Structures are given as structure tokens and as C-alpha cells.
Amino acid sequence: MKNRYKIIFVILAVLLTAALTVGCSKINTMERIKKNGQVIMGTNAAFPPFEMRQGNEIVGIDAEIAKAVADKLGVELKIEDMDFNALLSALKSGKVDFIAAGYTVSPEREEEVDFSDKYFKAVQAIIVLKDNTSIKSRQDLNGKVIGAQEGTTGAELFRENSPYKNVTLKTYNNGANAVLDLKNGRVDAVVLDNYTSMALAELNPEIKILDDPATDPEEYAIAVRKGDKELLQTINDTLKELKDSGKLDEIFKKYIPEYKAQ
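Quick caveat, the model's predicted, so the values are computed rather than measured. Here the residue numbering is sequential within each chain, running from 1 through the sequence in written order. Selection of residues for local features in this predicted model requires a pLDDT of at least 70, selection of side-chain atom pairs for listing and counting requires 80 or more, and totals for whole chains, interfaces and linings are taken over all residues. Neither water nor hydrogens contribute to the side-chain values; these are computed over all heavy atoms in the structure.

Caption draft 1: Local environment of the nonpolar core. In this structure, Ile61, Ile65, Phe98, Tyr119, Phe120 and Ile235 are the most contacted members of the largest nonpolar core, which totals 34 residues. In what follows, a contact means two residues having at least one pair of non-hydrogen atoms within 4.5 Å. Apart from residues lying up to four places away in sequence, Ile65 is in contact with Tyr119, Ile222, Leu239, Leu242 and Leu248. Only buried residues count toward a nonpolar core, which is a set of Ala, Val, Leu, Ile, Met, Phe, Trp, Tyr and Cys residues joined through side-chain atoms within 4.5 Å. For every residue, the accessible area (1.4 Å probe, protein chains only) is compared with the maximum for its type, and the residue is labelled buried under 20%, exposed over 50%, or partly exposed between those bounds. Ile40, Met82, Ala90 and Val105 belong to the second largest nonpolar core, which has 15 residues in total.

And the structure:
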């Protein structure tokens, strides 16, 4: 009788595994792109100069790179704007085909996605009010209330295994809201990618960026679903062509006048 139950259990386990496999069947990305005549980029359009809204249009460095990818594929580019923290689930579920959002390569993310070749280096900048005299370097962040955008490496910096001690982290849907709380005295400092910080500083004369960043340099890349090799190759080919032609540097300088080739 016990053997009979074991056999039934094994059969049920096999059937359940098969059902889950079918339910989570791999999305044929390239077939869908060709069929629909569009490729879908996921981003958070509150991250200037990489992605931002200009009227009803989303523009920026990543948007121009994504348009070049779409052109190489011979399809239209559709951009889905969402909270940064929702991008990974949108990619996995098939809502978007790739993430281009100032997306930093990290070991944790490499377990979830496949990354393109890296195309930009950045650091996590520290933003404080201009009249702040207590925070002069990264060491001064210990014991402070820090604002960061949820889902970013800036936020993760102050979580598990953080090099900083006794920090209270407050997270936001975008950097602009974090800066607003800084101006209203709800946080002591904000940590964001450096070029986004510079763009926000231009709009908010009450703030300044410290010379000392919160982290060592990190690199951006485009993320695709695990195993989407053909799309990944197309993205890498596009990036190479943009770099070799000098077009990528032109895009950077268009949005970052002080940009110097990396």
C-alpha cells in the first residue's frame, strides 16, 4: 500500500512540474517582435539625462540607444514607463522586451537577467543642501537619514551588508521626490547616480553635490530576459556600431555637454 502511495505521489509531482513548465514557457521574444512590428523598452522616465519626459514623449540617452536597436531590428520602438522597482518583473513577465534605464550591472541582477555590453560608467553621488556643514564626505553619512530611489543601487547601498552604519533609509519612486524631501528637511542627504544628480542640481539651486561619491564607479548596460541571445546580440551589435561610428559619444554630449569619452 505504501509503495502504491509513493507511485501516486511521484506521478502527481511529475504532472505538477509539467504544468508549471507549460505555464512558465519561454517567451519567443524575436518572433513576437517581428510579428508585432515593435520592440518594447521598459524604463523609468524620471532619470535625466538617460530618460525623461518632454511633453508626451520620452527622450534621453537610453531612449536614443533603444531607437537605434529598434531601427536595426526594422521595427518601431515602444516605451513603457513605470516605477523603477517594477522593471524586473515587467521584463520577466514579458510586458517589456528589455530594460534601458541607467541600469547598473551587479552580481544580484546578473542572476536575474542577461546584460548587454556595458556602455556607461557612473558613481553614486551624495546630494546635500548648500548650507549643510555636517556632511562633507561619504564617511559623514553614518548615522544619517538618507534618501534614494527604490530599486536602485543607491538604495541597495544602505541595506544588507552596507558599508555604512546606523543609517535610516527612505526610498522614493524617483530622485526628484527624494530631493524634495531633502529640501523639506525630511532627509539629511540623497544618493543618486551622478549625472542625474547634476540634472536635479540645475533645477534646484538650494542643493549641492559633494566631491566625494558614495561608491566606487559602476557601469550601465541593457538587460534582457535570461536566454534571449538573439535580441542580446542585436543590442550588442548596435552598441558596437554606435561606439565605432562616434554616434554614442554624440548622444552623450547631446544630453551631457561636459561629457568626456570614457
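Read on, since the account is not over.
Caption draft 2: Structural detail: empty space enclosed by the protein. Buried and open spaces are told apart on a 1 Å grid over the protein atoms alone, a cavity being a set of points where a 1.4 Å probe fits but cannot get out and a pocket being an open set with protein on both sides within 12 Å along at least five of seven lines. Residues with an atom within 4 Å of a point are the lining residues. Grid points are joined across faces, edges and corners, and a volume is the space filled by probe spheres set on the points. Taken as a whole and judged by the stated rule, the model has 1 cavity of 30 Å³ or more. Volume-wise, the largest cavity comes out at about 50 Å³. Taken together, Phe47, Phe84, Ala101, Gly102, Thr104, Arg109, Gln124, Thr152, Thr153 and Asp193 make up the full set of residues lining the largest cavity. Taken together, the residues that form the lining of the largest cavity break down as 3 nonpolar, 5 polar and 2 charged. Charged residues are taken to be Asp, Glu, Lys and Arg, nonpolar residues to be Ala, Val, Leu, Ile, Met, Phe, Trp, Tyr, Cys and Pro, and polar residues to be all remaining types, Gly included.

Caption draft 3: Structural detail: the sheet that holds strand β11 (residues 168–172). A pair of strands is treated as paired once DSSP finds two or more bridges between them. Helix and strand labels come from DSSP, where a helix needs a run of H or I of at least four residues and a strand needs a run of E of at least two; each type is numbered from the N terminus. The sheet built from 5 strands is open, its strands ordered β11-β10-β12-β9-β13 with mixed pairing. Among the strands making up the open sheet, the edge pair consists of β11 and β13 (207–209). On average, each strand axis in the sheet is tilted by 30° relative to the strand beside it, whichever way the strands run. Orientation is described by lines fitted to C-alpha atoms, with helices fitted over the stretch in contact, and by angles between N-to-C directions that extend from 0 to 180 degrees. Each of β9 (124–129), β12 (189–193) and β13 touches helix α8 (residues 194–203); the most contacted strand, β12, lies at about 120° to it.

Caption draft 4: Here's a closer look at unusual backbone geometry. The amide bond that connects Pro48 to the next residue, Pro49, takes the cis arrangement and shows omega of 5°. Position of Pro49 relative to the elements: it lies in the loop between β2 (46–47) and β3 (51–54). Residues other than glycine seldom take positive phi values, yet Asn161 does so here, at roughly 60°. One can find Asn161 in the loop between α6 (153–156) and β11. Asn161 sits in the exposed class, given a relative accessible area of 74%. Its identity is not glycine, yet Asn166 carries a phi of approximately 55°, on the positive side. Relative to the assigned elements, Asn166 resides in the loop between α6 and β11. Looking at Asn166, the relative accessible area reads 72%, which means it is exposed.

So yeah, pure geometry; function would need other evidence.
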